[in-house]
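Descriptive structure summary
Next come the chains, spelled out residue by residue.
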Amino acid sequence: EQNHPTDLDSLRAFIGDCKRCKLSQGRTHLVFGEGSPSARLVFVGEGPGAEEDAAGRPFVGEAGKLLTKIIESGMGLKREDVYICNVVKCRPPHNRDPEAEEVQTCLPFLEQQIRVIKPEVICTLGRIAAQSLLGREFKITQERGNWFSFMGTQLMATFHPAYILRNPSREHQLKGL
Ligand code: URA
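Attention in this report is confined to the structure presented alongside it. Remember, predicted model here, so these are calculated numbers, not experimental data. (Residues numbered from 1 in each chain as written. Predicted model: local features only at pLDDT ≥ 70, side-chain atom pairs only at ≥ 80, totals over all residues. Heavy atoms only, no water.)

**A short note on the environment of Glu102**
Note on placement: Glu102 falls in helix α4 (residues 100–117). Looking at Glu102, the relative accessible area reads 1%, which means it is buried. For Glu102 and Arg144, which are 42 residues apart along the polypeptide, the C-alpha to C-alpha distance reads 24 Å. Residues in contact with Glu102, not counting those within four places in the same chain, are Cys21, Lys22, Leu23, Val88 and Arg96. Reaching out from Glu102, the side chain makes a polar contact with the backbone nitrogen of Glu99 at a distance of 2.8 Å. (Helix = DSSP H or I, 4+ residues; strand = E, 2+ residues; numbered from the N terminus. Buried < 20%, exposed > 50% of the residue type's maximum accessible area, 1.4 Å probe, protein only. Contact = heavy atoms within 4.5 Å. Polar contact = N/O pair within 3.5 Å; in protein donor to acceptor, adjacent residues only side chain to side chain.)

**Digging into the pattern of salt bridges**
Inspection of every chain in the model, using the stated rule, returns 12 salt bridges. Here Arg27 makes a salt bridge to Asp17, at a shortest N to O gap of 2.8 Å. Of this pair, Arg27 sits in the loop between α1 (8–15) and β1 (34–35) while Asp17 sits in the loop between α1 and β1, placing them 10 residues apart in sequence. Since its relative accessible area comes to 57%, Asp17 is described here as exposed. The partner of Glu62 in a salt bridge is Lys65, with the nearest N and O atoms 3.2 Å apart. Within this pair, Glu62 and its partner Lys65 are both found in helix α3 (residues 62–74), separated by 3 residues, close to a single helical turn. By relative accessible area, Lys65 is classed as partly exposed at 46%. What emerges from the salt-bridge pattern is a single network uniting Lys22, Arg96, Glu99 and Glu102. (Salt bridge = Lys/Arg side-chain N within 4 Å of Asp/Glu carboxyl O.)

Dropping the structure here:
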């Protein structure tokens, strides 16, 4: 489609003080995303939590601290060299799952972020993010670690870091991170 913002700042300006869905009513900040506009790897979470809503930045709470450790200590990358965003840009009340209509309203903005960044790989965090991008039910325990495609970009789904925090196990190998 034409006339879509071709850089991230223009896209953020286009989204503006968004009231396209009801999540706008409960938010403090719209959490657009952050990181390198030329990132080779984009992480996509489900939606901002309380700390992200307060800060206006993605993955800054406890789950975010673990994600940062995974990126930096685990993968040997820098957080600022990847890009981190969410399916919905505004916090769902009480951290409920975003509704289908909210996902459909916000998804074009994620699609445009991906068109602009052109990453090599998308990593979705948790079941909801995988379902939202793949447009179908997703079994995270069974299907994580496999390659899928989103808009022609390779996509792999993994557990949400909040799930890892709730379910620490030897298998998850968090020691040393
Ligand atoms: N959980 C998410 O899915 N996204 C965030 O930005 C923070 C926590």
